[in-house]
Structure formats: structure tokens, C-alpha cells
Amino acid sequence: MNVRDSEHIIAELENKEDYALTDKADEADLILINTCSVREKPVSKLFSEIGVFNKHKKDGAKIGVCGCSASHLGEDIFKRAPEVNFVLGARNVSKITQAVNEDRYISVDIDYDESSYAFSEFRNNTYKAFVNISIGCDKKCTYCIVPHTRGDEISIPAELIVDEARRAAKRGAKEIFLLGQNVNNYGRRFSDASHQKMDFSDLLEMVSQIDEVERIRFTSPHPLHMDDKFLEVFAKNPKVCKSMHMPLQSGSTHILEQMKRGYSKEWFLNRALKLREMVPSASISTDIIVGFPGESDDDFEDTLDVMKKVRFEQIFSFKYSSRPLTKAASFKNQVPPEVSSARLQRLQELQEKILDEISKEKLDKEYEVYFEEKRGNGLLAGKSDNNTLVQVEGFDEWLGTIKRVRITNPKRLSMYGEVIL
Ligand code: SAH
Ligand code: SF4
């Protein structure tokens, strides 16, 4: 989501203000730091980065702080780092052209007007286009700061989404990547009540009708909203890539209740195993938090149990980080950091073992790979339909094309192979 926000910021500055990108900070007239605030670490990193940029920037260059940390720290950023010229929240991206022209500009109040989400075009990658379908989040999981920084959940009207996807596809993006905090809760509320309620499955069908679109991905769906209709559209629509992100967070029903996730261990397993049954080739990725307040050894064992039963192809795992403005920050029974670290290590060791087994099974398998980039090692890299990273020797003309690849050397995080068609 931040990558897409950065693209919007760049688009506005290039088209309305005559800026151009540079990767040399000491030559820049404007330095923008687009921040996350989901965990504490990025926040402390922010202030050290500001210090480094301030030391090396050219005279008169401005520094702007954007994104979620800007949203929740607001004026405090000026107090802690007076060298910052403006602060622009995650929901205020459209104000960037004002921000660069005023001194000490700050805009962090949540803007619910959907017209503030129509931007000029800029994309980092011509082959794949991120498209926002909703902003904000209504869920209020007790550990999460996102609803405070990105506000309530508002869906973007389907016509705007389809238009944006069509324009990107005409420019060469065969893959459309739909973005939202709860994509499969799409269509419940729009900023203008005249828009018809609809659901995410219908939106998937609409985007798949664009001829030039060959692949559709999305993130994040919420396990609670994975009803049968959604799983069926996922399984049956040939343009919908067969990789699903299912953020588990914890395998313990008790901890899931404390987190206010809205589903149980049994519901999660039911949905994941149903998905495996409907689409045996599908890959499933997940997010897991260890050391949430009150997590006992037994709760943690439940998480490992779900991992063993689902055998995720990819896991993003984190130690719980207490965040301001969240309910869980005031929970009494915080888990000692050394316990969380030990659990994280056990979880990651189990996942490595599972991944070693999964990757061995991929030897000699064939995948349709969409080549998106040339890597530093000279190999072309792309993703299979089910999100396996594949690298091959090949020609630059293959970038932006889909080819059939046989895996010759499977590794844990990337497969190496050869093009056979
Ligand atoms: N909307 C998505 C998640 C967005 S935040 C969802 O519901 O899954 C991305 C991930 O960061 C989360 O899935 C969670 O695993 C992690 N995360 C969020 N808050 C956290 C916290 N306080 N401590 C540690 N990890 C956190
Ligand atoms: Fe955060 Fe929960 Fe919303 Fe995801 S669903 S953004 S974890 S509050």
C-alpha cells in the first residue's frame, strides 16, 4: 500500500510540479520518507534516517515525512526533528502539491472524500499495476494501529477501479494487483451513498473482463470473510492467480478472541483446507504474530499446529510490538521479550523445514511464469500463477511475457529453471 502511495506522490510531483526522480539523496531538492507504523522499529528508524538525510542533503533541500507514522505522530515530528519541512498523513497524499510549496505544512486529518484518490499516472513497474480498491479499515484488531492512521474503511467505486485497471493494462500491465486492508469486505461502504453495495467476488469478475488483463492478484483478504462464493470465484476464474494470503495472526482461538479477529482456529483451518481441496495447486501465505499479550505455551502450540496442518508456502512472522492508540497496549499480561524471541525462532525453524519439503516437491514441475524483472545476477525473474518466484537464463524481450518453465533447481525461497515454451 505504501508502494502505491509513493507512486501517487511521485505522479503528482512529476505532473503538477515539475519534479523528477533521483536516487542520489545529496542531489535532491526534496527528500520524502514514506513511513510505516505497524511495528515500533520503523518509527525509531525514521528519526535516524531524518538525521542522516539532513547531514548529507544539499543546501535548501526540503525533507517531508509521509505515511502512517506521519499520521499518528503529527506535530511531534517537527518537535523531534525541526529540520523536517512538512508532514503528510497516509490519508492526505493528494495534498502533496500544497505541502511542497508551503513551509511547516502539516495535514494528517483523515480525508474521506473519494475524489482525493484520483491521481496522475506513474508506475514503478510497467508489467504489474497496483490498484487501490479500498482505503482504511473498520476491523480494529486490538494490536493494530492501521485503523487510526488510515481511518475507517471506504471502498472506491468499481467504475473507477475498472477504469484504472484498463488504463494500466493498455499500457502493458498484464497483471493487476488489487489492494486494500480487507479486500474481501469490498463494497460495503462508499463515501458517496449513491454507489450500489456490491461484493469483492463481483469486482473480481468485472476486472477479469478486461481483455488485456491476464492475471489478477489481491491482498489482504480477511479469513473471516472467506465465504464459499469468494472461494468459488477464486477457484474458477482463470485470470485470478492461484495464490491466497490468509493472515492467521495466531492459531489459538483464545488469542484470536483477544485480538478481536472474529474467527476461530477451526474456522481458519476449515477455510484453508477447503481451499487446498478446491485448488490443489494453490499456494497459501500468511502473517503470524508471536508473543501477543497472554499467549501461553499452549496457545503457541496451536499456532504451530495450524502451520503443520496448512503447510503455508510463505509466512511473514513478527514479534508482537505494542502500539500507541491500540487496546492491546494496555493489556496486563505482556509476554517477556526473550519468550517471544524463542517462540519466533521455533516458528521459523518449523517453517524452514516445511519449506524444504515443499521446495523439493517442485523439482521438474512446470509453471507459467510472468517475467517482470532482470536481476543483478543477470537472470530473468518472474512469478508463477501460484506465486512461486522463478529465475531463468533468458532474453530481455521475454520481460512482460508469460512462458512455460520447468524447475531444475528448487531452493527454499526461489526456484531456478529453464524455459520450455
Ligand atoms: N489488514 C491486514 C494486515 C495489515 S498489517 C490483515 O488483517 O491481515 C500487516 C501485518 O502486520 C499484520 O498482518 C500483522 O501480522 C502485523 N502486525 C500488525 N500490527 C502488529 C503489531 N502491533 N505487532 C506485530 N505485528 C503486527
Ligand atoms: Fe489491522 Fe486488523 Fe485492520 Fe488488518 S484487519 S489492518 S490487522 S485492524
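Given the structure is predicted, the values throughout are model-derived calculations rather than measurements.

Counting its secondary structure elements, the protein contains 13 helices and 17 strands. Taking 421 residues into account, the globule formula puts the C-alpha radius of gyration at 22 Å, and the protein, at 22 Å, falls close to it. Referenced to the eigenvectors of the C-alpha coordinate spread, the extents of the protein come out at roughly 60 × 55 × 50 Å. Residues counted as buried form 53% of the 421 residues belonging to the protein. Put simply, of all contacts in the protein between residues at least 6 apart along the chain, 69% involve residues at least 24 apart. Carbon and sulfur atoms make up 49% of the accessible area of the protein, which amounts to about 19,100 Å² in all. Computing the positive centroid from 61 side-chain charges and the negative centroid from 68, the protein places the two 3 Å apart.

To continue, consider the site of ligand 2. In the neighbourhood of ligand 2, the contacting residues comprise C137, K139, K140, C141, Y143, C144, V146, P147, Q181, N182, H222 and R261. The residue makeup of the shell around ligand 2, split by class, is 6 nonpolar, 3 polar and 3 charged.

What follows covers the site of ligand 1. Around ligand 1, the surrounding shell holds 15 residues, and the nearest of these are Y143, Q181, Q249, D287 and S321. R39 places a polar side-chain atom, nitrogen or oxygen, 3.3 Å from an oxygen atom of ligand 1. Within the side chain of D287, one N or O atom sits 2.6 Å away from an oxygen atom of ligand 1. At the level of elements, β11 (283–290) and β12 (314–319) are the ones that each hand at least two residues to the shell around ligand 1. Split by residue class, the shell around ligand 1 holds 6 nonpolar, 4 polar and 5 charged.

The next thing to look at is the sheet that holds β12. Across the sheet, which stays open at both edges, the 3 strands sit in the order β10-β11-β12 with parallel pairing between neighbours. Every other strand in the sheet has two partners, leaving β10 (243–245) and β12 as the edge strands with one partner each. Neighbour-to-neighbour, the strand axes of this sheet turn through a mean angle of 15°, independent of strand direction. Sheet analysis places β11 next to β12, joined by 6 bridges and oriented parallel. What sits directly across from I289, in β12, is F318.

Another aspect to go through is the sheet that holds strand β15 (residues 389–392). Pairing is mixed in the closed barrel, where 5 strands are placed in the order β13-β14-β15-β17-β16. Going from strand to strand, the sheet's axes swing by 50° on average, the running direction of each strand aside. Across 5 bridges, the pairing between strand β13 (residues 366–374) and strand β14 (residues 380–384) is antiparallel. Bridge pairing links F371 to G382 in β14.

In the structure shown here, the tally under the stated rule is 33 salt bridges. Residues E175 and R217 are paired through a salt bridge, measuring 3.0 Å at the closest nitrogen-oxygen approach. Of this pair, E175 sits in strand β8 (residues 175–179) while R217 sits in strand β9 (residues 215–219); the two residues are 42 residues apart in sequence, bridging distant segments of the chain. Judged by relative accessible area, R217 falls into the buried class, the value being 5%. A salt bridge links D305 to K265; its shortest N-O distance comes to 2.7 Å. A residue pair is termed long-range when its members are at least 10 positions apart, and D305 in helix α12 (residues 297–310) and K265 in helix α11 (residues 265–278) qualify at 40 residues. On the basis of relative accessible area, D305 is assigned to the partly exposed category, the value being 22%. Overlapping salt bridges, with partners in common, bring together E366, E368, R404, R406 and E418 in one network.

Now for the domain arrangement of the protein. Taken domain by domain, the protein holds domain 1 (2–107), domain 2 (123–241), domain 3 (243–361) and domain 4 (366–419). Taking only C-alpha atoms, the centre of domain 2 and the centre of domain 3 are 24 Å apart. Counting from both sides, the interface comprises 25 residues of domain 2 and, opposite them, 30 residues of domain 3. Both faces combined, the contact of domain 2 with domain 3 buries some 2,300 Å², and carbon together with sulfur accounts for 65% of it. Looking at the side of domain 2 facing domain 3, the largest losses of area belong to T142, Y143 and P223, adding up to 33% of the total buried there. On inspection of domain 2 and its partner domain 3, the count reaches 2 salt bridges. Where D228 meets R271, a salt bridge forms, and the shortest distance between an N and an O atom there is 2.9 Å. Linking domain 2 with domain 3 are 12 residue pairs in polar contact (both at pLDDT 80 or more), by the criterion used here.

Before going further, it helps to examine the environment of F300. In this structure, F300 sits in helix α12. Considering only alpha carbons, one finds F300 and I156, 144 residues apart in sequence, at a separation of 38 Å. Beyond its immediate stretch of four places on either side in the chain, F300 contacts V290, E295, R343, R346 and L347.

The rules behind the values
Residues numbered from 1 in each chain as written. Chains lettered and ligands numbered in written order. Predicted model: local features only at pLDDT ≥ 70, side-chain atom pairs only at ≥ 80, totals over all residues. Heavy atoms only, no water. Helix = DSSP H or I, 4+ residues; strand = E, 2+ residues; numbered from the N terminus. Rg over C-alpha atoms; globule rule 2.2 N^0.38 Å. Buried < 20%, exposed > 50% of the residue type's maximum accessible area, 1.4 Å probe, protein only. Contact = heavy atoms within 4.5 Å. Areas by Shrake-Rupley, 256 points an atom, 1.4 Å probe, with all protein chains shown as cover. Lys, Arg positive; Asp, Glu negative; His and termini not counted. Charge placed at Lys NZ, Arg CZ, Asp CG, Glu CD. Near = heavy atom within 4 Å. Nonpolar A, V, L, I, M, F, W, Y, C, P; charged D, E, K, R; others polar. Polar contact = N/O pair within 3.5 Å; in protein donor to acceptor, adjacent residues only side chain to side chain. Pairing = 2+ DSSP bridges. Axes fitted to C-alpha atoms, helices over the stretch in contact; angles between N-to-C directions. Salt bridge = Lys/Arg side-chain N within 4 Å of Asp/Glu carboxyl O. Domains from an automatic or database assignment. Buried area = accessible area lost by both parts, 1.4 Å probe.

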